[in-house]
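Residue-level structural notes
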Amino acid sequence: MAHAFTYGTLMWPDIMARVCGPDAGPFAPPTAATLADHARHPVRGHDYPGMVPAAGHQVVGRLYLDVPDAAWERLDRFEGDDYERHEVLVTLADGSWRRAWTYLFKPDVVSRLDEGDWDEARFEREGKTRFVSRYVGFTSI
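Model, not experiment: these values are computed from the prediction. (Residues numbered from 1 in each chain as written. Predicted model: local features only at pLDDT ≥ 70, side-chain atom pairs only at ≥ 80, totals over all residues. Heavy atoms only, no water.)

Another aspect to go through is the side chain of H41. Examined against the element boundaries, H41 turns out to sit in strand β2 (residues 31–42). The class for H41 is buried, based on a relative accessible area of 18%. Here H41 is in contact with P49, G50, V52, L113, D114, E115, G116 and W118, once residues within four sequence places are set aside. (Helix = DSSP H or I, 4+ residues; strand = E, 2+ residues; numbered from the N terminus. Buried < 20%, exposed > 50% of the residue type's maximum accessible area, 1.4 Å probe, protein only. Contact = heavy atoms within 4.5 Å.)

Per the counting criterion, the structure on display carries 10 salt bridges. Members of the salt-bridge network, linked through shared partners, are R122, R125 and E126. (Salt bridge = Lys/Arg side-chain N within 4 Å of Asp/Glu carboxyl O.)

Our next topic: the packing of aromatic side chains. Using the criterion set out here, one finds seven aromatic pairs in the structure. Ring geometry for W12 against W118: centres 6.4 Å apart, planes inclined by 85 degrees, an arrangement best described as edge-to-face. Pair noted here: W12 is in the loop between β1 (2–6) and α1 (13–20) and W118 is in the loop between β5 (97–105) and α3 (120–134), with a separation of 106 residues, a long-range link. We note that W12, like W118, is buried. Ring plane angle 85 degrees and centroid distance 6.4 Å describe the contact between F78 and F131, whose orientation is recorded as edge-to-face. With a gap of 53 residues between them, F78 in helix α2 (residues 69–79) and F131 in helix α3 connect regions that are remote in the sequence. The buried category is assigned to F78, whose relative accessible area is 12%. Through a chain of ring-to-ring contacts, the aromatic side chains of W12, Y48, F78, W118, F123 and F131 assemble into a single cluster. Over the ring of W101 we find R85; its NZ or CZ atom is 5.0 Å from the centre of that ring. (Phe/Tyr/Trp six-rings, centres within 6.5 Å; stacked < 30°, edge-to-face > 60°. Lys NZ or Arg CZ within 6 Å of the ring centre and 35° of its normal.)

All quantities given are derived from atomic positions and should not be read as evidence of function.
What follows is the structure, given as structure tokens:
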């Protein structure tokens, strides 16, 4: 088992559970975590973000502890060809550190990222329902 740092659609436990599938079992609620020297940007034309290394920036997201091995293949398929999994070190609210896997936007597709930070509140307010209704791959991953 390994930990997963999420910074976009997977921060919502209902989406994470659908992506990981029934074999992953129930997840404990995620905890707040921060990844230093990275930035999160909207992917042009989509409701989700991409994350890239960026000195001096930080991304606040959610950390899922002890993600079962069965979930990682589904997570990899969900993230698709534009992302690659990397091991990172995140900081928790109490100042402690945890190693975790996260998905970075690949360098050859960075031009598809818009300027500015992805708006988490806007996604929850406007984009989440649209994302879930448009994404038909939950059962096929």
